[in-house]
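Notes for the structure review
Okay, here's what each chain looks like letter by letter:
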Protein chains: 2
Amino acid sequence: MDAIDEIDLDAELRARGYRVTQPRRAVWEALRTADGHLTVEHITARTAELGYDVDLASVYRSLDLLAELGLARASRLGESEAGRWELAHPDEHFHLVCAGCGEVDHHIGSLVAEIRDHVDGAHGFAVEGVELTVTGWCARCRRDRRLR
Amino acid sequence: MDAIDEIDLDAELRARGYRVTQPRRAVWEALRTADGHLTVEHITARTAELGYDVDLASVYRSLDLLAELGLARASRLGESEAGRWELAHPDEHFHLVCAGCGEVDHHIGSLVAEIRDHVDGAHGFAVEGVELTVTGWCARCRRDRRLR
DNA sequence: GTGGCTGCAAACATTTTGCATAACT
DNA sequence: AGTTATGCAAAATGTTTGCAGCCAC
């Protein structure tokens, strides 16, 4: 199957009986063309850069819809209070958050799948999603920290 | 060492030069005597039940302080927007969140330690904390869902 | 006594909602 | 044309902050 960022949103929307509108396209473009997780405010700014004029409320509504379509997902990282969003990549990944610089790294690998397999079925629990966030210090911040 | 819920908060505070106050004791009691993760609002309600009269702002401030002392930690679960808090149990555990009933299960086991070992040191990243949340459907909700 | 802490209220930040209008099909 | 979705503004939620007075030390 194609990569998720090449999905035809218009078709996806129509297939489910939703209308194709500017805000929905705008939010999808914003997510699709920027990798990593964006705050809602950041997404709104990006839609503006892309030439759309979208209200904040519509960004929220579009994000919820994209989530329902399985195209996007919310992720809450570390202590950050702001909700962040990213494409719902089918390859499961986890996040490394540096306590020093706040940098967030995506890591892809078998780890998340292993966790899923490990937990799925145990105690009758059917796993749907695995959210793994590892906090710590990246190489650079460790060095800077030592120097202080 | 003693279990975390038997720690003498007064001593802990004094050792770090903080004052021993009612709100701090109240929040500590609330966390200590209720297992699982509580919303801030829930914690405030519990302090009231315990006979304290604590302002919301003070609950927030006390929680931040407990976190700094390493006695409590914030955990953001699944889609829930509200911040939740729990004792900083030294044994690492992860959360199972049911998408149906919202029930949250704590699971203790070697899994989190394995993840830590797996990630620690890779790419020069020094792991400090591992936050793992698995969402899915518990046995009961799976059944109810099928029936609908 | 004095400086840290609290309570209160107001400010903030984020997300949700009601409703008249615009726009997709 | 008929609705669904949008924009706007207001409300709801959750959390933080400024400040005068109180209380632990």
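Residues numbered from 1 in each chain as written. Chains lettered and ligands numbered in written order. Predicted model: local features only at pLDDT ≥ 70, side-chain atom pairs only at ≥ 80, totals over all residues. Heavy atoms only, no water.

What follows covers the environment of A:Arg142. Here A:Arg142 shows up in helix H6 (residues 139-147). The partly exposed category is assigned to A:Arg142, whose relative accessible area is 32%. Separated by 42 residues in sequence, A:Arg142 and A:Gly100 have C-alpha atoms that sit 8.1 Å apart. At 2.8 Å, the side chain of A:Arg142 and the backbone oxygen of B:Gly124 are in polar contact. (Helix = DSSP H or I, 4+ residues; strand = E, 2+ residues; numbered from the N terminus. Buried < 20%, exposed > 50% of the residue type's maximum accessible area, 1.4 Å probe, protein only. Polar contact = N/O pair within 3.5 Å; in protein donor to acceptor, adjacent residues only side chain to side chain.)

What follows is about the sheet that holds strand S6 (residues 126-137) of chain B. Pairing is mixed in the open sheet, where six strands are placed in the order S5(A)-S4(A)-S6(A)-S6(B)-S4(B)-S5(B). Sheet topology places strand S5 (104-108) of chain A together with strand S5 (104-108) of chain B at the edges, where each strand pairs with a single neighbour. Taking each pair of neighbouring strands and ignoring which way they run, the sheet shows an average axis angle of 25°. Relative to S6(B), strand S4 (residues 93-98) of chain B runs parallel, the two being bridged by four bridges. Directly across from B:Cys98, in S6(B), lies its bridge partner B:Gly136. Of the strands in this sheet, strand S4 (93-98) and strand S6 (126-137) of chain A together with S4 and S6 of chain B are in contact with helix H5 (residues 111-119) of chain A, which crosses S6(A) at around 130°. (Pairing = 2+ DSSP bridges. Axes fitted to C-alpha atoms, helices over the stretch in contact; angles between N-to-C directions. Contact = heavy atoms within 4.5 Å.)

As a structural note, the neighbourhood of DNA strand D is formed by 18 residues, with A:Arg19, A:Thr21, A:Ser58, A:Arg61 and B:Tyr60 the closest of them. Protein-adjacent atoms of DNA strand D, using a 4 Å cutoff, are sugar or phosphate at a proportion of 61%. Here A:Asp55 contributes a backbone N or O atom positioned 3.4 Å from a phosphate oxygen of DNA strand D. The separation between a phosphate oxygen of DNA strand D and a polar side-chain atom of B:Arg14 is 3.5 Å. Of all the secondary-structure elements, those providing two or more residues to the surface near DNA strand D are helix H2 (22-33) and helix H4 (56-68) of chain A together with helix H4 (56-68) of chain B. Broken down by element, the residue count for the surface near DNA strand D peaks at four residues, all from H4(B). Class assignment of the residues belonging to the surface near DNA strand D gives a composition of seven nonpolar, three polar and eight charged. (Near = heavy atom within 4 Å. Nonpolar A, V, L, I, M, F, W, Y, C, P; charged D, E, K, R; others polar.)

The immediate surroundings of DNA strand C are formed by 20 residues, with A:Tyr60, B:Arg19, B:Thr21, B:Ser58 and B:Arg61 found nearest. A share of 61% of the atoms of DNA strand C within 4 Å of the protein falls on sugar and phosphate groups. Between DNA strand C and A:Arg14, the relevant distance is 3.4 Å, taken from a phosphate oxygen to a side-chain nitrogen or oxygen of the residue. The contact in question runs from a phosphate oxygen of DNA strand C to an N or O atom on the backbone of B:Asp55, over 3.4 Å. Elements supplying a minimum of two residues to the surface near DNA strand C: H4 of chain A together with helix H2 (22-33) and H4 of chain B. Across the surface near DNA strand C, the residue classes break down as nine nonpolar, three polar and eight charged.

Glancing now at the relation of the copies chain A and chain B. The transform that puts chain A on chain B rotates by 180° and translates by 0.0 Å along the axis, for an RMSD of 0.2 Å. What we have between these two chains is a two-fold relation. Closest to the rotation axis within chain A is the C-alpha of A:Leu132, separated from it by 2.3 Å. Interface residue correspondence from chain A to chain B reaches 97%, placing this contact among same-surface, isologous pairings. (Least-squares fit on C-alpha atoms with pLDDT ≥ 70 in both.)

This next bit is on the pairing of S4(A). Residues and elements named next belong to chain A. In terms of burial, S4 is largely enclosed, as six of its six residues are buried. Alternating residues of S4 divide into His93, His95 and Val97 and Phe94, Leu96 and Cys98, and every residue in both groups is buried. As defined by bridge partners, S4 adjoins S5 across five bridges and the pair is classed as antiparallel. When the bridges of S5 are listed, histidine 93 appears paired with isoleucine 108.

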